[in-house]
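Fold and geometry: a report
Spelled out from the first residue to the last, the chains are:
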Amino acid sequence: MDPEAFLDIANQVVKLKMFPYFDIAHCTLCALSVREDLGSGAQTFSRKHPLACWLSYMLVVFAGGMVANGLLAEPILAPLKNTPQLVVATLVWYVIFYTPIDLGYKLAKFLPIKVVFSAMKEIYRCKKVYDGVTHAAKLYPNGYLIMIIIGTLKGNGAGFTRLLERLIRGVWTPTAMEFMQPSFYTKASLVASLIFILDRKTELISAPHALVYFGIVIFFVYFKLSSILLGIHDPFVPFENLMCALFFGGIWDSLAKILGRGQPKEGEVKDAKKTN
Amino acid sequence: MDPEAFLDIANQVVKLKMFPYFDIAHCTLCALSVREDLGSGAQTFSRKHPLACWLSYMLVVFAGGMVANGLLAEPILAPLKNTPQLVVATLVWYVIFYTPIDLGYKLAKFLPIKVVFSAMKEIYRCKKVYDGVTHAAKLYPNGYLIMIIIGTLKGNGAGFTRLLERLIRGVWTPTAMEFMQPSFYTKASLVASLIFILDRKTELISAPHALVYFGIVIFFVYFKLSSILLGIHDPFVPFENLMCALFFGGIWDSLAKILGRGQPKEGEVKDAKKTN
Amino acid sequence: MDPEAFLDIANQVVKLKMFPYFDIAHCTLCALSVREDLGSGAQTFSRKHPLACWLSYMLVVFAGGMVANGLLAEPILAPLKNTPQLVVATLVWYVIFYTPIDLGYKLAKFLPIKVVFSAMKEIYRCKKVYDGVTHAAKLYPNGYLIMIIIGTLKGNGAGFTRLLERLIRGVWTPTAMEFMQPSFYTKASLVASLIFILDRKTELISAPHALVYFGIVIFFVYFKLSSILLGIHDPFVPFENLMCALFFGGIWDSLAKILGRGQPKEGEVKDAKKTN
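Going by the annotation in an unreviewed UniProt entry, the name recorded for chain A is Trimeric intracellular cation channel type B, with Zophobas morio given as the source organism. Turning to chain A, the UniProt annotation filed under Subcellular location (unreviewed entry) states: "Endomembrane system". UniProt lists a comment for chain A under the heading Sequence similarities (unreviewed entry), and it reads "Belongs to the TMEM38 family."

A separate point is the overall build of chain A. Each helix and strand counted, chain A has 16 helices and zero strands in total. Based on the C-alpha atoms only, the size of chain A along its principal axes is roughly 65 × 55 × 40 Å. By residue count, 50% of the 276 residues in chain A fall in the buried class. Looking at chain A alone, contacts between residues at least 24 apart form 71% of all its contacts between residues at least 6 apart. Summing over all exposed atoms, chain A offers an accessible surface of approximately 13,100 Å²; the carbon and sulfur share of this is 68%. For chain A, the distance from the average site of its 28 positive side-chain charges to the average site of its 20 negative ones is 7 Å.

Right, let's get into the interface of chain A and chain C. Counting residues at the interface gives 35 residues for chain A and 34 residues for chain C. Surface buried jointly by chain A and chain C totals about 3,100 Å² across both partners, of which 69% is contributed by carbon and sulfur atoms. Contact with chain C buries area across many residues of chain A, yet A:Phe179, A:Met180 and A:Phe248 alone supply 21% of it, more than any other trio. Between the two partners, chain A and chain C, sit six residue pairs in polar contact (both at pLDDT 80 or more). Those elements that provide at least two residues to the side of chain A that touches chain C are α5 (63-71), α9 (144-155), α14 (237-247), α15 (250-258) and α16 (266-275) of chain A. Per-element accounting of the side of chain A that touches chain C gives the leading share, five residues, to α9(A). For the side of chain A that touches chain C, the residue count by class is 23 nonpolar, eight polar and four charged.

It is worth spelling out the interface of chain A and chain B at this point. With 34 residues of chain A at the contact, the number on the chain B side is 35 residues. Together chain A and chain B conceal approximately 3,100 Å² of surface at their shared face, both sides included; 70% is due to carbon and sulfur atoms. For the interface between chain A and chain B, the tally reads one salt bridge. The salt bridge involving A:Arg47 is made with B:Asp253; its shortest N-O contact spans 2.5 Å. On the surface where chain A and chain B come into contact, there are six residue pairs in polar contact (both at pLDDT 80 or more). Residues belonging to the side of chain A that touches chain B are distributed by class as follows: 21 nonpolar, seven polar and six charged.

A separate point is the relation of the copies chain A and chain C. Of the transformation superimposing chain A on chain C, the axial component is 0.0 Å and the angular component is 120 degrees, with the fit at an RMSD of 0.0 Å. On this basis, the relationship between the two copies can be described by a three-fold rotation axis. Nearest to the rotation axis, the C-alpha of A:Ala73 is located 3.2 Å from it, this being the minimum over chain A. When the interface residues of chain A are mapped onto chain C, a mere 6% of them again lie at the interface, so each copy presents a different face.

Here we come to the relation of the copies chain A and chain B. Least-squares fitting of chain A to chain B yields an RMSD of 0.0 Å, with the superposition described by an axial translation of 0.0 Å and a rotation of 120 degrees. Looking at the interface residues of chain A, only 6% of them are also at the interface in chain B, so each copy uses its own face.

Moving on: the packing of aromatic side chains. Tallying each qualifying case throughout the model produces 57 aromatic pairs over all chains. Pairing A:Phe248 with C:Tyr98 gives two aromatic rings, centres 4.9 Å apart and planes at 50 degrees, and the pair type is tilted. In this pair, A:Phe248 is assigned in the loop between α14 and α15 and C:Tyr98 in helix α6 (residues 83-98), connecting two distinct chains. A:Phe248 gets classed as buried once you look at its relative accessible area, which sits at 15%. C:Tyr98 sits in the buried class, given a relative accessible area of 1%. In this structure an aromatic cluster arises from ring pairing among A:Phe184, A:Tyr185, A:Phe219, A:Phe220, A:Tyr222, A:Phe223 and A:Phe236.

Attention now moves to the packing of helix α5 (residues 63-71) of chain B against helix α9 (residues 144-155) of chain B. All names here are of chain B. Between α5 and α9, whose axes approach to 7 Å, the crossing angle comes to 155 degrees. For the element pair α5 / α9, the angle class is roughly antiparallel. Every pair of crossing elements has a handedness; the one defined by α5 and α9 is right-handed. On α9, the residues that touch Gly 64, Gly 65, Val 67, Ala 68 and Leu 71 of α5 are Ile 149, Ile 150, Leu 153 and Lys 154. When the residues that make up the contact of α5 with α9 are grouped by side-chain class, the tally is six nonpolar, two polar and one charged.

The nonpolar side chains of a soluble globular protein tend to be buried with one another. Core analysis: the largest hydrophobic core is formed by 243 residues, its most contacted members being A:Tyr57, B:Tyr57, B:Phe97 and C:Tyr57. The residues touching B:Tyr57, leaving out its near neighbours within four places in the chain, are B:Cys27, B:Cys30, B:Ala31, B:Val34, B:Ala89, B:Val92 and B:Trp93.

Parameters and conventions
Residues numbered from 1 in each chain as written. Chains lettered and ligands numbered in written order. Predicted model: local features only at pLDDT ≥ 70, side-chain atom pairs only at ≥ 80, totals over all residues. Heavy atoms only, no water. UniProt positions renumbered as here; feature names shortened; annotations may be inferred. Helix = DSSP H or I, 4+ residues; strand = E, 2+ residues; numbered from the N terminus. Buried < 20%, exposed > 50% of the residue type's maximum accessible area, 1.4 Å probe, protein only. Contact = heavy atoms within 4.5 Å. Areas by Shrake-Rupley, 256 points an atom, 1.4 Å probe, with all protein chains shown as cover. Lys, Arg positive; Asp, Glu negative; His and termini not counted. Charge placed at Lys NZ, Arg CZ, Asp CG, Glu CD. Buried area = accessible area lost by both parts, 1.4 Å probe. Polar contact = N/O pair within 3.5 Å; in protein donor to acceptor, adjacent residues only side chain to side chain. Nonpolar A, V, L, I, M, F, W, Y, C, P; charged D, E, K, R; others polar. Salt bridge = Lys/Arg side-chain N within 4 Å of Asp/Glu carboxyl O. Least-squares fit on C-alpha atoms with pLDDT ≥ 70 in both. Phe/Tyr/Trp six-rings, centres within 6.5 Å; stacked < 30°, edge-to-face > 60°. Axes fitted to C-alpha atoms, helices over the stretch in contact; angles between N-to-C directions. Parallel < 35°, antiparallel > 145°, perpendicular 65-115°, else oblique. Left-handed = near helix turned anticlockwise from the far one by under 90°. Core = buried A, V, L, I, M, F, W, Y, C linked by side-chain atoms within 4.5 Å.

In structure tokens:
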């Protein structure tokens, strides 16, 4: 492929307008996730508690912005000030939950549509991560951890508000903590935040910014599609296992075990499994 | 009644000073609600954990302002800066919980006093809803949803902090979510917010502002008194059922059921009831 | 002791630089508390969920600042902007949890080291309480309750974030509410806040500020060391019991009981114990 043309595409991706098509894709997938989270009782719940259903859905749609605003002392409700966006979000919710013979839901679940929407959502996610890192960097030029946290939260906000989202619907699942078993989206957003910070703050990445951005978009879309179509769920696992073995005790614990005098002893591991 | 005199009364209601009498009424009813929420263990609890008792009561008293401030990035503690108001609130708490032979509590439960205080609290509620809508409209002139949320929260803040209030007392009831079964106060505050927005932003309501305000005060007080004296608890229910039937699947679901091919099937409904 | 020399020491204590030695002491004790809170499963947990372990530890380290910022509409993440402090905190966490043959943990538990670090942490705590009161007093010159709340939260923030800290690790213990059974640190921070406010706002305390500050430091360190070395855990208990007897119903309830017509009756007390 012609590098000039490639850079051209990259520049266009950077400037892509999100509203309304990407918003529709994002909202549709959020509504599907809420509906799937409700399980077999989704229809009954949406009929009996439309307010709780709508509020928990809105929280999922605007999760990233709200949580990031809350942590940066900006108004948590600010993402709701854009009325056209709200109307689009509400319409999508209505279509997914309340259309006759469940047409909207069935359409959204139709594989080709789901694939296209998922790809669009990943492009949107990349933009959100980038915006989050840029915004945090403006506020705290040397707060690298803050940039990473905001970028990750903007990228996968819904993962971190899951407990609250379910609580709005009257369900409390304290063990479903994102931090305990971070999803692929969280890890990918974290890595993307790191790359954006390196791109912005250091000279390590010599490629033009548009290419870096486009590369991350491709990475996001590629793994999302592999996940839907091929069932590959988390390409980070081998790296994590390596990290854990090297830095977080793996090798030393094994050594200590072989030498027969270290922790964790068998009994302790069993205890731990029971208590956690 | 003379329309001039009526408008005059309306104008006086709009300018009514809240401190200290309306504050006392509000605090008394808050203390009663905390005490009733504690059930038969209220006395023992207030003796063993005065701090938790006082804090959860303060949260109930200042709930609306605190939650609204939290959502608008204003200091959550700001409602506590008014020392005379704090002193009044603390005195009321002390009288309700700790007077000898429980005199304060018995007096506050005495029907005529309760009726007067409830009416005063409703006048206060109306003012809070109006202040909330006005404040949000200043910050976000086109953020209609934000105005509604802030108005509703200011009107019935204690309903939304119930989980936190109980948590302060060491009790966790995740299913007691206001969004699942919104109380009459929440719905009335929501409707009042809507009317204030229509009055402020559109030309649909031609009556002078004082009359609109006074009309809402009368509506609040009237339904509160019906609730205490006649046991009518929620005049919104018929409208809600109509809305649900028309827009949230009611009719379509029935049609689909009759045609024998739609959801929710019998089994699904039963499942849903079990899981929720 | 020469009063001049004593004042000199006091002045030096006031100006003491906290970074990095006092930070190391603070972080070490935070890491120990997280590890002890995890119980016998600490090792296994730290190996399987390093991210949740690190995040909950960071929350403990920066709890006071984060909670106070959240309540004053300042950025919750702001305490994380100081990168050197973050690096120190992360290193300490690594040493306590992941050093081979658990060397770091064993060293930190070694009594003389623990005693020195505890004393340093108390000096740090005193500084935090003072900074909190000063900061709140700048924002709300007459908000005495706000000053007390912020001072107390800065002094023992970790006590108030315990629920959230455990939730990050997927454990939910709603009954472990600090307000129900305030720890000695909470009470001491509260008393220190009160003294700082009296010193700042009234003429009641005629001693120079440095002496007041130094007195509180000595009080904090003295009781911490008594707690570690002598097992005296809460010198406030007798005063509390007196307060409860005088003001929170104790005497009146006893009188009423003797006269045989007051609450709480035996049955009610038993009920209360069951429900709470």
